[in-house]
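Now for the letters of each chain:
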Amino acid sequence: MTDTRPRPKRATIFDVAAEAKVSRGTVSRVLNGEPYVSDSSRAAIEAAIRKVGYVRNTAARNLATQSSGAIALIVHEPHSVFVDDPNIGNILLGTNAALSDADYQLVSLVIDTERDSERVTGYLGGGFVDGAIIVSAREGDPISKAIADLHLPAVMVGRPDNQPQLPWIGIDNRGAARQIVERLVGTGRRRVGMIAAGLDRDSGRDRLAGFRDALGDDLDPALVSEQELYSFRAGLVGMTELLERAPDLDGVFCASDAVAAGALDALRSAGRRVPEDVGVVGFDDSAWALRCQPLLSTVRQPAGVLGARAAELVLEQIRSGGRGAQSGVLLDTRIVWRDSA
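Residues numbered from 1 in each chain as written. Predicted model: local features only at pLDDT ≥ 70, side-chain atom pairs only at ≥ 80, totals over all residues. Heavy atoms only, no water.

A look at the pairing of strand β7 (residues 224-227)
Across a regular strand the side chains alternate sides, sitting on one face of the sheet and then on the other.
Part 1 of the reasoning: Bridge analysis of strand β6 (residues 192-197) against β7 gives 4 bridges, and the strand direction is parallel. For I195, the partnering residue across the bridge sits in β7 and is S225.
Part 2 of the reasoning: Handedness of the β-α-β unit built from β6, helix α10 (residues 202-215) and β7 comes out right-handed. (Pairing = 2+ DSSP bridges. Helix = DSSP H or I, 4+ residues; strand = E, 2+ residues; numbered from the N terminus. Right-handed = clockwise from strand over helix to strand, strands pointing away.)

Quick look at helix α3 (residues 39-52)
Since the α-helix packs 3.6 residues into each turn, any two residues three or four apart lie on the same face.
Part 1 of the reasoning: Between its first and last C-alpha atoms α3 spans 20 Å; for 14 residues at 1.5 Å apiece the expected length is 20 Å, and the two agree.
Part 2 of the reasoning: All buried positions along α3 are accounted for by S41, I45, A48 and I49. Along the axis of α3, the buried residues cluster in a sector spanning 105°; they form a single face. Turned more than 90 degrees off the buried face of α3, the exposed positions are D39, S40, R50 and K51.
Part 3 of the reasoning: Against α1 (13-20) and α2 (24-31) lie the buried residues of α3.
Part 4 of the reasoning: Two residues or fewer past α3, G53 is found with a positive phi of approximately 75°. (Expected span 1.5 Å × (residues − 1). Buried < 20%, exposed > 50% of the residue type's maximum accessible area, 1.4 Å probe, protein only. Arc of directions from axis to C-beta. Contact = heavy atoms within 4.5 Å.)

Observations regarding the nonpolar core
Part 1 of the reasoning: One finds I169, F211, M239, F253 and V280 to be the most contacted residues of the largest nonpolar core, which totals 72 residues.
Part 2 of the reasoning: With 19 residues, the next largest nonpolar core counts I111, I134, I147 and L152 among its residues. (Core = buried A, V, L, I, M, F, W, Y, C linked by side-chain atoms within 4.5 Å.)

Quick notes on the pattern of salt bridges
Part 1 of the reasoning: Applying the stated rule across the entire model yields 17 salt bridges.
Part 2 of the reasoning: As a salt-bridge pair, R191 and D220 come within 3.1 Å of each other at their nearest N and O atoms. Taken together, the residues span a long stretch of sequence, with R191 in the loop between α9 (173-186) and β6 and D220 in the loop between α10 and β7 at a distance of 29 residues.
Part 3 of the reasoning: You can call R191 partly exposed: its relative accessible area is 27%.
Part 4 of the reasoning: Look at D220 and you get partly exposed, because its relative accessible area is 24%.
Part 5 of the reasoning: The salt bridge involving R309 is made with E312; its shortest N-O contact spans 3.3 Å. Of this pair, R309 and E312 both sit in helix α14 (residues 303-319), separated by 3 residues, roughly a single helical turn.
Part 6 of the reasoning: In the salt-bridge network here, residues are joined through shared partners; they are E77, D200 and R201. (Salt bridge = Lys/Arg side-chain N within 4 Å of Asp/Glu carboxyl O.)

Some thoughts on the side chain of D130
Part 1 of the reasoning: Looking at the element boundaries, D130 is found in the loop between α7 (114-124) and β3 (131-135).
Part 2 of the reasoning: Overall, the relative accessible area of 13% leaves D130 in the buried class.
Part 3 of the reasoning: A distance of 2.9 Å separates the side chain of D130 from the backbone nitrogen of G69, its partner in a polar contact. (Polar contact = N/O pair within 3.5 Å; in protein donor to acceptor, adjacent residues only side chain to side chain.)

Looking at the packing of aromatic side chains
Part 1 of the reasoning: The full count for this structure, using the stated rule, is 3 aromatic pairs.
Part 2 of the reasoning: A centroid spacing of 4.9 Å and a plane angle of 15° characterise the contact between Y123 and F128, whose relative ring orientation is stacked.
Part 3 of the reasoning: For the ring pair F211 and F253, a centre distance of 6.5 Å and an interplane angle of 25° mean the geometry is stacked. You can see F211 sitting in helix α10 and its partner F253 sitting in strand β8 (residues 251-254), a full 42 residues away along the chain. Assigned by exposure class, F211 and F253 land together as buried.
Part 4 of the reasoning: Lying across the ring of F283, R207 places its NZ or CZ 3.8 Å from the centre. (Phe/Tyr/Trp six-rings, centres within 6.5 Å; stacked < 30°, edge-to-face > 60°. Lys NZ or Arg CZ within 6 Å of the ring centre and 35° of its normal.)

Brief notes about the environment of G69
Part 1 of the reasoning: Note on placement: G69 falls in the loop between α4 (58-65) and β1 (70-75).
Part 2 of the reasoning: G69 gets classed as buried once you look at its relative accessible area, which sits at 17%.
Part 3 of the reasoning: Sequence separation between G69 and L99 is 30 residues, and the spatial gap between their C-alpha atoms is 9.6 Å.
Part 4 of the reasoning: Residue contacts for G69: discarding those within four places in its chain leaves D103, Y104, Q105 and D130.

Observations regarding the sheet that holds β8
Part 1 of the reasoning: As summarised here, the arrangement of the 4 strands in space is β7-β6-β8-β9, forming an open sheet in which the pairing is parallel. Both edges of this open sheet fall to β7 and β9 (279-281), since each of them pairs with a single strand only. For this sheet the average axis-to-axis angle between neighbouring strands, irrespective of direction, equals 15°.
Part 2 of the reasoning: Contacts from α10 reach β6, β7 and β8 within the one sheet, and its direction differs from that of β6 by about 165°.
Part 3 of the reasoning: In the packing of helix α11 (residues 232-245) onto the sheet, contacts are made with β6, β7 and β8, and the angle to β7 comes to roughly 150°. (Axes fitted to C-alpha atoms, helices over the stretch in contact; angles between N-to-C directions.)

Right, dumping it as structure tokens:
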């Protein structure tokens with residue numbers, strides 16, 4: 001049966017003013033956080049808001065201020081990776097904490113298909129967000145170009161070389177990869193391979209470049225297995241490939257901790273001991289690193305800080321009318337050495 005009873009009328013600013021026995025303008029000043037309202041009037045207005053059940057009309061406020069009060073976090077990853085990757089979760093949490101402190105709302109947008117890209121591009125052009133943070137941008141990513149064309153305040157987490165010149169924040173993936181591979185080689189390993197992943201983005205390419213830097217003339221191209229995603233399955237498949245190509249392999253650098261977890265599983269299945277037979281190192285120091293047996297040696301990147309700082313950089317642009325953006329910011333990483341190498 002259809003409920004034909006009239007819905008209760010939404011309380012308005014006029015109801016608050018009538019209940020508090022003040023002018024509408026005085027109520028507006030209190031709602032907007034403006035000074036020059038007496039303590040007694042402010043207390044009366046706050047009591048009236050509670051009594052009449054007034055809820056501010058955010059849509060009307062946004063129309064008047066030309067601001068949505070929201071920032072988009074755009075993650076260019078398959079849904080499975082978005083859910084399974086602790087780094088993305090930590091970036092999201094860091095972003096949300098910084099935006100919450102500034103009274104902004106986080107809007108998460110996940111791009112998994114070309115159709116998603118088209119939908120998100122239209123959404124960004126609709127004025128629903130005041131700025132954007134892009135995670136895992138790919139080569140030829142249309143979202144970055146759309147943001148640049150819209151002149152939307154934005155920051156990229158990472159720094160794809162062929163993208164529009166948007167401000168970015170990231171880490172030295174190449175230098176950090178070189179350092180951990182050099183340490184792995186320093187344990188006496190002589191046949192060192194890599195499971196490279198995410199080569200369609202700057203982080204994956206830079207980690208592979210760092211691996212090559214570390215090995216120099218000792219690099220054997222056959223000991224690089226290229227995989228699409230930073231995933232457990234990539235590690236499982238990649239490690240199986242490497243063992244088939246080089247049964248004497250005694251060390252492996254994995255492009256992420258999730259990849260390393262899959263590699264460890266493949267090594268166990270093949271009867272290889274870690275670290276006695278094969279030393280394994282990863283990248284991220286995510287929750288995966290502490291789930292592994294043995295515990296994973298890896299590179300710690302500050303994912304939560306990346307998210308928070310990215311949010312701060314977008315807010316600086318918004319507050320300064322687009323003049324507060326820095327071209328690029330690098331955050332520090334460090335090697336965390338555990339039992340796997």
